[in-house]
Amino acid sequence: MAKRPIEAGDQAADNRANQPSLTLHVPEPTYRPGDPVDFAHLEIPDAGNQARPDEQCEAKETLPLCYDLVRVLGDDNKAHGPWDPKLDPETLRTMLGHFAMVRAFDERMFRGQRQGKTSFYMKCTGEEATSISAAMALASDDMIFPSYRQQGILIQRGYPLVDMINQIYSNKGDKLKGRQLPIMYSSREHSFFSISGNLATQTPQAVGWAMASAIKGDTRIAATWVGEGSTAEGDFHSACTFAAVYNAPVILNVVNNQWAISSFSGFAGAERTTFAARALGYGIAGIRVDGNDPLAVYAAEQWAANRARANGGPTLIEHFTYRAEGHSTSDDPSGYRSAQEREEWPLGDPVTRLKNHLIALGEWDEDRQAAMDLACAEEVKVATKQAEQNGILGHGLHHPFRTMFEDVFEELPWHLKEQSEQAIRERETKFPEGRPGT
Ligand SMILES: Cc1ncc(C[n+]2csc(CCOP(=O)(O)OP(=O)(O)O)c2C)c(N)n1
Ligand SMILES: [Mg+2]
């Protein structure tokens, strides 16, 4: 671009005449469709090499952990180092069972969308550990403020599959009465806050809930999950400020799966520093963890939970992982990223890594894995059939139309009452024969 012409007498501009033109950096992902992929530039430290500071340490003592990568499971499929949470085989098998279940669930729901049973679905393939292993390190009544990719937590907390599917189908069994986009679950009984499509709003809400818990002298902490792309939202930074100022008992989980739909993590600042390192500027403890290492994720979350529960304050955990599939059923990643990325991802697959660990311990084998996968697929199938009795997309078996005016106000204000009557009247004119579900 041409430089601004220097006007006579503009001494300041004249003095800069020999300086280079200013330029902007616009991030560009390393690999586009068809490009060969090589992740050799990623620094992947050996498992077990990271120090584990005291849970009550000062936030700044976590500085090395913000640039390192906490890893426990080595290439030998064994657990190493001070972060090994030393879980017993039964707990590891339970974790593997939740992994298998969420994978079976994702698989069937994705197919259901392709079959027209729902309008929308989102998988969490490759990111199972970041939700399930983390949630297992929390108390079952600690409050979860999720994004849309933490279905694993509902499964881990025992939320009925059929209720999840009813919500996905927006049918007459949907506890949210069709008022939320499919997959945006909510369950007070499972301490699982309503998922919002407005990115990052859950982060200040989690901090606020944690502050309220402290004000009440409660012992429950809050944990929130947010994508790396969403950390570019102002809400995330307000959340960090409040969490730091009030030393709130909260865990901020940033799931860095490298992509935000078709935008790569560089657009949220990944080229400049790690997401974990952002914690330091706020005075929050930070940990960068191998998000595909279920033991490391568990250990990091447990460290942060112990810290928060003992009034040590908030922790930001960056889960370094990879979104193995499309963003949602509405996305086609082959249009913007190299298909090789998934194969070349150097941290492997969390399900395979946990399975191989159990096998290495002599506590599991391939036959048991195959039987478990089959049993999960069967359980999801049965739940799907049961939910289908309540209706699928387009079958009209949804909550009656008039109910959309209910449940917000104890008494419907006059203007909404008018609107509701008008809407029902118009519907009767449009469908004189009546429509199921009206
Ligand atoms: C405030 C806001 N902006 C944009 C969107 C559209 N949107 C939905 S998901 C998404 C990508 C988010 O990526 P990331 O935070 O990395 O989470 P991921 O999908 O990778 O889990 C975008 C831009 C939205 N829902 N809300
Ligand atoms: Mg992302």
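Every value quoted in this text rests on a predicted model; they were computed, and no experiment measured them.

(A) Seen up close, the overall build of the chain. Along the backbone of the chain there are 14 helices and 7 strands. Taking 2.2 N^0.38 as the reference for a compact globule, 438 residues should give roughly 22 Å; the C-alpha atoms of the chain span a radius of gyration of 25 Å, in line with that estimate. Structurally, the chain occupies a C-alpha span of about 80 × 75 × 55 Å along its principal axes. The buried share among the 438 residues of the chain stands at 51%. In the chain, the share of contacts with a sequence separation of at least 24, taken over all contacts with a separation of at least 6, comes to 75%. Carbon and sulfur atoms make up 51% of the accessible area of the chain, which amounts to about 20900 Å² in all.

(B) Broad picture of the site of ligand 1. Around ligand 1, a shell composed of 14 residues is seen, among which Tyr148, Arg149, Gly197, Ser230 and Trp259 lie nearest. Between ligand 1 and asparagine 257, the relevant distance is 2.8 Å, taken from an oxygen atom to a side-chain nitrogen or oxygen of the residue. Between ligand 1 and tryptophan 259 there is a distance of 2.7 Å, counted from an oxygen atom to a backbone nitrogen or oxygen. In isolation ligand 1 has 590 Å² of accessible area, and contact with the protein removes 71% of it. Here the residues of the shell around ligand 1 are counted per class, giving 5 nonpolar, 6 polar and 3 charged.

(C) Layout of the nonpolar core. One finds Phe105, Ile183 and Tyr185 to be the most contacted residues of the largest nonpolar core, which totals 74 residues. Setting aside its immediate chain neighbours within four residues, phenylalanine 105 contacts Tyr121, Ile155, Leu161, Met164, Ile165, Ile168, Tyr185 and Val380. Ala210, Val226, Ala279 and Ile284 belong to the second-largest nonpolar core, a separate cluster that totals 22 residues.

(D) Fine view of the pattern of salt bridges. For the structure shown, the criterion picks out 26 salt bridges. Taking the shortest distance from any N to any O, the salt bridge between aspartate 407 and arginine 179 comes out at 3.3 Å. Within this pair, whereas aspartate 407 is found in the loop between helix H13 (366-388) and helix H14 (414-430), its partner arginine 179 is found in the loop between helix H6 (161-169) and helix H7 (202-215), the two being separated by 228 residues in sequence. Taking relative accessible area as the criterion, aspartate 407 reaches 52% and is therefore assigned exposed. On the basis of relative accessible area, arginine 179 is assigned to the partly exposed category, the value being 36%. Glutamate 421 is the salt-bridge partner of lysine 417, the closest N and O atoms lying 3.4 Å from each other. A residue pair is termed a helical-turn pair when its members lie 3 or 4 positions apart in one helix, as lysine 417 and glutamate 421 do in helix H14 at 4 residues. Taking the relative accessible area as the measure of exposure, glutamate 421 reaches 39% and is therefore partly exposed. Look at the salt bridges and you will find they share partners, linking Arg71, Asp290, Asp293 and Arg353 into a network.

(E) Representation of the coordination of the magnesium ion (ligand 2) in the model. Coordination of the magnesium ion (ligand 2) by the protein is provided by Glu228 (OE), Asn257 (OD1) and Trp259 (O), with metal-donor distances spanning 2.1 to 2.2 Å. Summarised as a motif, the one-chain spacing of the donors to the magnesium ion (ligand 2) is E-x28-N-x1-W.

(F) Summary view of the packing of H7 against helix H8 (residues 234-245). Contact geometry for H7 and H8: axes closest at 7 Å, N-to-C directions at 20°. Judged by the angle between their axes, H7 and H8 are roughly parallel. In terms of crossing hand, the pair formed by H7 and H8 is left-handed. Contacts from Thr203, Pro204, Val207 and Met211 of H7 reach H8 at Asp235, Phe236, Ala239, Phe242 and Ala243.

(G) Focus on the pairing of strand S6 (residues 285-290). Within S6, 6 of the 6 residues are buried, which leaves it mostly tucked inside the rest of the structure. Of the two faces of S6, the one carrying Ala285, Ile287 and Val289 and the one carrying Gly286, Arg288 and Asp290 are both buried. In the sheet, S6 pairs with strand S7 (residues 315-320) via 6 bridges, with the strands oriented parallel. Following the sheet pairing, aspartate 290 is matched in S7 by phenylalanine 320.

(H) Summary view of the environment of proline 27. You can see proline 27 is positioned in the loop between helix H1 (11-15) and helix H2 (63-67). Exposure remark for proline 27: the relative accessible area of 12% places this residue in the buried category. With 301 residues separating them in the primary sequence, proline 27 and serine 328 have C-alpha atoms 23 Å apart. Once residues within four sequence positions are removed from consideration, proline 27 is found in contact with Phe264, Gly266, Phe267 and Glu271.

(I) View of the packing of aromatic side chains. Counted according to the given criterion, the structure contains 10 aromatic pairs. Here the aromatic rings of phenylalanine 320 and tryptophan 345 are separated by 5.4 Å at their centres, their planes lie at 45°, and the arrangement is tilted. Of this pair, phenylalanine 320 sits in strand S7 while tryptophan 345 sits in the loop between helix H11 (340-344) and helix H12 (350-360), and the two are 25 residues apart along the sequence. Pair check on accessibility: phenylalanine 320 and tryptophan 345 agree, each one buried. Feature note: the residues Tyr31, Phe39, Phe320, Tyr322 and Trp345 constitute an aromatic cluster, connected by ring pairs. Seen from the ring of phenylalanine 110, lysine 123 lies directly overhead, with NZ or CZ sitting 4.7 Å from the centre. Looking at arginine 288, its charged tip hangs above the ring of phenylalanine 320, at a distance of 4.5 Å from the centre.

(J) Summary view of the state of the cysteines. Under the definition given, this model contains 0 disulfides. Lacking any disulfide linkage, cysteine 376 is separated from the closest cysteine sulfur, that of cysteine 124, by 13 Å. Classification of cysteine 376 by relative accessible area gives buried; the value is 7%.

Scoring rules and cut-offs
- Residues numbered from 1 in each chain as written.
- Chains lettered and ligands numbered in written order.
- Predicted model: local features only at pLDDT ≥ 70, side-chain atom pairs only at ≥ 80, totals over all residues.
- Heavy atoms only, no water.
- Helix = DSSP H or I, 4+ residues; strand = E, 2+ residues; numbered from the N terminus.
- Rg over C-alpha atoms; globule rule 2.2 N^0.38 Å.
- Buried < 20%, exposed > 50% of the residue type's maximum accessible area, 1.4 Å probe, protein only.
- Contact = heavy atoms within 4.5 Å.
- Areas by Shrake-Rupley, 256 points an atom, 1.4 Å probe, with all protein chains shown as cover.
- Near = heavy atom within 4 Å.
- Polar contact = N/O pair within 3.5 Å; in protein donor to acceptor, adjacent residues only side chain to side chain.
- Nonpolar A, V, L, I, M, F, W, Y, C, P; charged D, E, K, R; others polar.
- Core = buried A, V, L, I, M, F, W, Y, C linked by side-chain atoms within 4.5 Å.
- Salt bridge = Lys/Arg side-chain N within 4 Å of Asp/Glu carboxyl O.
- Donors = N, O, S within 2.8 Å, 3.2 Å for Na, K, Ca; no water.
- Axes fitted to C-alpha atoms, helices over the stretch in contact; angles between N-to-C directions.
- Parallel < 35°, antiparallel > 145°, perpendicular 65-115°, else oblique.
- Left-handed = near helix turned anticlockwise from the far one by under 90°.
- Pairing = 2+ DSSP bridges.
- Phe/Tyr/Trp six-rings, centres within 6.5 Å; stacked < 30°, edge-to-face > 60°.
- Lys NZ or Arg CZ within 6 Å of the ring centre and 35° of its normal.
- Disulfide = S-S within 2.5 Å.

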